[in-house]
Amino acid sequence: MEPASKKLNKSAWSWALYDWANSAFATTVMAGFFPIFFKSYWASDLTDAESTFAIGSVNSLVGLLIAFSAPVLGALADAGDSKRKFLFSFAFFGVIATGYLFFIPESSWKLAVTFYGIGVIGFSGGNIFYDSLLVTVSEEKERNRTSALGFSLGYLGGGILFFINVIMFLYPHLFGFKEQTETVLWSFMTVALWWFIFSIPIYLNVKEPIQNTGKNPIGAVVSKAFGNLLNTTRSIKKYKSAVIFLLAYFLYMDGVDTIIRMATSYGSDIGLSATSMIQALLLTQFIGFPSTLVFGYYADKYGYKYSLSFAIIVYITVVLFSSQMDTATEFYIVACVVGLVQGGVQAISRSFFSTLIPSNKAAEFFGFYNFIGKSSVFIGPFMVSGIALISGRPSYGILSLLILFIPGLILLWMVPDKNLD
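Residues numbered from 1 in each chain as written. Predicted model: local features only at pLDDT ≥ 70, side-chain atom pairs only at ≥ 80, totals over all residues. Heavy atoms only, no water.

A. Inspection of unusual backbone geometry at higher detail. Phi is positive for serine 107, close to 70°, though the residue is something other than glycine. Here serine 107 shows up in the loop between helix H3 (83-100) and helix H4 (109-132). When its relative accessible area of 36% is taken as the criterion, serine 107 is described as partly exposed. (Helix = DSSP H or I, 4+ residues; strand = E, 2+ residues; numbered from the N terminus. Buried < 20%, exposed > 50% of the residue type's maximum accessible area, 1.4 Å probe, protein only.)

Given below as C-alpha cells:
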C-alpha cells in the first residue's frame, strides 16, 4: 500500500490550479470591484436602491439557473464522459464575459449587469465539473489534501491578483493610469487573462477515464443523461449517507455564505470605509491560504466530521461575538477568524461528500451538491435581514444564524464516516 504522505501527482496539481485561476473572478469581480464600480460608473444615473436591486436580481436569477440546471448538467457530463470539456466551455464564457467588462462604456448598466451575469454563470457552472473531477485526479486517501490544496491555491491566487488590483486602484499613477476608473476597467481584463492562462493546465493534464465505448449520437447522450438523473432520483435512498450530509450541508453552508455576503453590510453599519473593507477582504484571503492546508492535514488525522464540527463551532462563536460587535477592531478580529475556517469548511465538505457517492456518477452527484450549495444562499440573508427589520435589532438577525449552524452540526454527526452501500 502506498503511503498516505506521498506527493500529489501532476493531474492533481493541475486540477488544483484551476482554483487559483477562477478565484480571481470571485475576489476582484464578485466581492471586490464590480458592486462598487457598478454603482458609481455604469449605474450612476440610478438611485442606490435601483442599482442594488439590479445587482441583486441578476445574482438571484443566475443562482436559480445554476442551481436547477446543475443536476442535469452533471448527469449529461457523466453520460458523455465530458466533465473536462464542460468545465472549459463554462470557463471560456466566463473569461470572455469578464474581459468584455473592460469595453462597456459609462452609464451602460444593463449591458454591464448582463455580462456580469454571464461571468457568474461561467464561474459557477464550471465549478460543477471542477468539483466532480476531484474523484478523477485523486485516490480516496489523497482526496482531503487535494481538495484542500485547491481551496488554498484559490485563496492565494485570488488574493495575489486582488492585491495587485487594489494597489493599482490606490496608486494609479504608479502604473501609468490617469484615474482610478481606468485601473478598475483594467482589473477586469487582468482577471480574464489570469483565469484563462491558469485554466490551461487542467485542460492539458487532467484526463477522464473513458466509460463509454464508441461515439454516441448527441440525442442518445442526452437521453442517457436524463435517464441517469431519473434513476438517481428514484434510488436516492440507497445513498442515505449522502442525503443526510446534503441536509447538513444545506444548513451550515447557508450560514457560512450568509456571513460572507453580509460582512460588508456590517462593516458599513459600524462606519468602515471602502478601503478598510478591501483590506479586511485581503486579510481573509491570505489567512485562508495556509489555514485551508492545515485543515486538510487535520482532517486526514482526525477525520472529516471532527474537523467540520470544529469549523462549525467556530462559526457559532463568530455569530455570538458578531451580535455584540460595534467597533472596527472587532470587525477585523472577525475577518481573521473567518479566514481561519472558511476555506477549510468548504474543502472538507467537498472531499467528505466525494467519499459518500459512486465515482461513476461523480458529476451527477456533484450537480446535486452544487444545487444544494446554490439554493441554500437565500434563507440566511432573508432571515437575518427580516428579523432585524421586524425587531429593529440587527443583533437578533445575526443570532438567528444559530438556527442554521446548530441543526447542521447535529445532522453532520448523523452521517456515517463511510458510505455503507
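B. Up close: the side chain of threonine 355. Relative to the helices and strands, threonine 355 is located in the loop between helix H13 (328-354) and helix H14 (362-375). Judged by relative accessible area, threonine 355 falls into the buried class, the value being 9%. Of note is the side chain of threonine 355, whose polar atom sits 2.6 Å from the backbone oxygen of phenylalanine 352. (Polar contact = N/O pair within 3.5 Å; in protein donor to acceptor, adjacent residues only side chain to side chain.)

C. Up close: the packing of helix H6 (residues 143-170) against H13. Running from N to C, H6 and H13 point in directions that differ by 145°, and their axes come no closer than 9 Å. For H6 against H13, the interelement crossing comes out right-handed. Taking contact as the criterion, the partners of Arg143, Asn144, Ser147, Ala148, Phe151 and Tyr155 in H6 are, on H13, Gln342, Gly343, Gln346, Ala347, Ile348, Arg350, Ser351 and Ser354. Grouping the constituent residues of the contact of H6 with H13 by class yields five nonpolar, seven polar and two charged. (Axes fitted to C-alpha atoms, helices over the stretch in contact; angles between N-to-C directions. Left-handed = near helix turned anticlockwise from the far one by under 90°. Contact = heavy atoms within 4.5 Å. Nonpolar A, V, L, I, M, F, W, Y, C, P; charged D, E, K, R; others polar.)

D. Looking closely at the packing of aromatic side chains. A full pass over the atoms with the stated rule returns 33 aromatic pairs. Seen in terms of ring centroids, phenylalanine 92 and phenylalanine 93 are 6.2 Å apart; in terms of plane orientation they differ by 70°. Their pairing is edge-to-face. In textbook terms, an aromatic cluster arises when at least three aromatic residues are bridged by ring pairs, as seen for Phe34, Phe37, Phe38, Tyr41, Trp42, Tyr116 and Phe188. Directly above the aromatic system of tyrosine 203 lies the positively charged group of arginine 84, at a separation of 4.6 Å from the ring centroid. (Phe/Tyr/Trp six-rings, centres within 6.5 Å; stacked < 30°, edge-to-face > 60°. Lys NZ or Arg CZ within 6 Å of the ring centre and 35° of its normal.)

E. Up close: H13. Taking 1.5 Å per residue as the helical rise, H13 with its 27 residues ought to reach 39 Å, and the 39 Å between its terminal C-alpha atoms agrees with that figure. Helix geometry: H13 is bent most strongly at glycine 339, by close to 30°. Across the 27 residues that make up H13, a large majority, 19, are buried. (Expected span 1.5 Å × (residues − 1). Bend = angle between axes of the 7 residues up to and from the residue.)

F. Structural view of a nonpolar patch on the surface. On the surface, Leu193, Phe196, Ile197, Ile200, Tyr203 and Leu204 cluster together into a nonpolar patch covering about 530 Å² of accessible area. Taken together, the elements giving at least two residues each to the nonpolar patch come down to helix H7 (180-197) and helix H8 (200-205). Here leucine 193 shows up in helix H7. We classify leucine 193 as partly exposed; its relative accessible area is 48%. (Patch = residues over 30% accessible without salt bridge, like charges linked within 9 Å, V, L, I, M, F, W, Y side chains within 5 Å. Areas by Shrake-Rupley, 256 points an atom, 1.4 Å probe, with all protein chains shown as cover. Salt bridge = Lys/Arg side-chain N within 4 Å of Asp/Glu carboxyl O.)

G. Examining H3 more closely. With 18 residues, H3 should cover 26 Å at 1.5 Å per step; its first-to-last C-alpha distance of 26 Å lies within 8% of that length. Taken together, the buried positions of H3 are Lys83, Arg84, Phe86, Leu87, Phe90, Ala91, Gly94, Val95, Ala97, Thr98 and Gly99.

H. Seen up close, the environment of isoleucine 202. Along the chain, isoleucine 202 turns up in helix H8. Here isoleucine 202 falls in the buried class, since its relative accessible area comes to 1%. C-alpha of isoleucine 202 to C-alpha of tryptophan 15: the two residues are 187 residues apart in sequence and 5.1 Å apart in space.

I. Looking closely at the packing of H3 against H7. Running from N to C, H3 and H7 cross one another at 160°; their axes reach a closest spacing of 8 Å. Between H3 and H7, the crossing angle belongs to the class labelled roughly antiparallel. Regarding H3 and H7, the two cross each other, and that crossing is left-handed. Between H3 and H7, the residues in contact are Phe88, Ala91, Gly94, Val95, Thr98 and Gly99 and Phe188, Met189, Val191, Ala192, Trp195 and Phe196, respectively. (Parallel < 35°, antiparallel > 145°, perpendicular 65-115°, else oblique.)

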